[in-house]
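Chain by chain, the residues run as shown.
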Amino acid sequence: LFDAYLTPVARLAEDAVLLAANPGHRIAPQGARDVRVLVDKLNLLAASHQAVHDDVQARIALANRALAEEKNRLAALMAELALSVLVCNIEGRILLYNDSARQLLEAGGAGAPVAGAAAIGLGRSVFGVIERGLILHALEQLQHQLREGGAGAARPVSGFVATLSQGQIVRAHMAPVFDN
C-alpha cells in the first residue's frame, strides 16, 4: 500500500510543482492503477497548458515583429521630417525623437554640441533642455482643453516659445498622444 499509493502520490505532488514551472515536463506513470490514471490526466492537462503557452509565445513573437516593423516605418518617416519632433511621456521622459530635434536641442541650433548643455536621449528628461515651467504650463492648457472639449471637439494642441542654451528662440507645439 505504501509503495502503490503513498510514495507515488508524494512524488506526484513534487512533479505537479514542476509542471507549473515547466510546461514541457511530463510525469512518469508509477504506482497503483488509480495513481497512473491520475498521472495520465495530469499529463493531458500539461500538454494542453503547453499548447496554450506555445500559442501565446507565437502570438507575442508575431506582435513583436509587427511592432518592430511599425517602429522602423515611424523612424524612417521621422528621419525625413524637416521639423524637429520630440515625443515624451507625461513625466517628461523622452520616448522618441528625430535627428533634427537632436541637432536643435543639443547644439542650441548652432550645429555643434554645446559644452555643458544637456544631451537628449531615450529615457532622459526633456526638462534638461527645455524649461520645466513652459512644458508644465502647456500640459495644463492641454488638460483644460480636454476637460472643456466635447466629443466632436478638435484635438487639443498647445504652444509655447522657449529659449535654448545658446539663446536661440524656438516655437514649440505640444499635442497629446492617447493610448487607444
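See above for the structure.
Residues numbered from 1 in each chain as written. Predicted model: local features only at pLDDT ≥ 70, side-chain atom pairs only at ≥ 80, totals over all residues. Heavy atoms only, no water.

Undergrad: Explain the packing of helix α1 (residues 2-21) against helix α2 (residues 33-80) to me, please; I cannot follow it from the model alone.
TA: To characterise two packed helices, one gives the angle between the axes of the helices and the distance between these axes. Where α1 contacts α2, the axes come no closer than 10 Å and their chain directions differ by 5°. The orientation of α1 with respect to α2, classified from their angle, is roughly parallel. Packed against α1, whose contacting residues are Ala4, Tyr5, Pro8, Val9, Leu12 and Leu19, the element α2 presents Asp34, Val35, Leu38, Val39, Leu42, Ala46 and His49 at the interface. Partitioned by chemical class, the residues of the contact of α1 with α2 number eleven nonpolar, one polar and one charged. (Axes fitted to C-alpha atoms, helices over the stretch in contact; angles between N-to-C directions. Helix = DSSP H or I, 4+ residues; strand = E, 2+ residues; numbered from the N terminus. Parallel < 35°, antiparallel > 145°, perpendicular 65-115°, else oblique. Contact = heavy atoms within 4.5 Å. Nonpolar A, V, L, I, M, F, W, Y, C, P; charged D, E, K, R; others polar.)

Undergrad: Just checking my understanding: could you explain the nonpolar core for this structure?
TA: If you look at soluble globular proteins, the nonpolar side chains tend to sit buried side by side. Ranked by internal contacts, the top residues of the largest apolar core, which has 17 residues, are Leu105, Val126, Val129, Ile130, Ile135, Phe160 and Met174. Where this core is concerned, the elements lending two or more residues are α4 (132-148), β3 (158-163) and β4 (169-174). Among the elements that make up this core, the one with the highest residue count is α4 (four residues). Residue contacts for Ile135: discarding those within four places in its chain leaves Val126, Phe127, Ile130, Phe160 and Met174. Formed by six residues, the second largest nonpolar core is a distinct cluster that contains Leu12, Ile27, Val35 and Val39. (Core = buried A, V, L, I, M, F, W, Y, C linked by side-chain atoms within 4.5 Å. Buried < 20%, exposed > 50% of the residue type's maximum accessible area, 1.4 Å probe, protein only.)

Undergrad: Honestly, the pattern of salt bridges in this entry has me stumped. Any pointers?
TA: Side-chain pairs of opposite charge can arise whenever the charged atoms involved come near each other. Overall, the coordinates contain three salt bridges when judged by the stated rule. Arg73 is the salt-bridge partner of Glu69, the closest N and O atoms lying 3.9 Å from each other. With Glu69 and Arg73 both in helix α2, this residue pair falls four residues apart, about one helical turn. Of the charged contacts, one joins Arg102 and Asp99 as a salt bridge, the two residues approaching to 2.6 Å between their closest N and O atoms. Placement of the pair is Arg102 and Asp99 together in helix α3 (residues 99-107), with a separation of three residues, close to one helical turn. Since its relative accessible area comes to 40%, Asp99 is described here as partly exposed. (Salt bridge = Lys/Arg side-chain N within 4 Å of Asp/Glu carboxyl O.)

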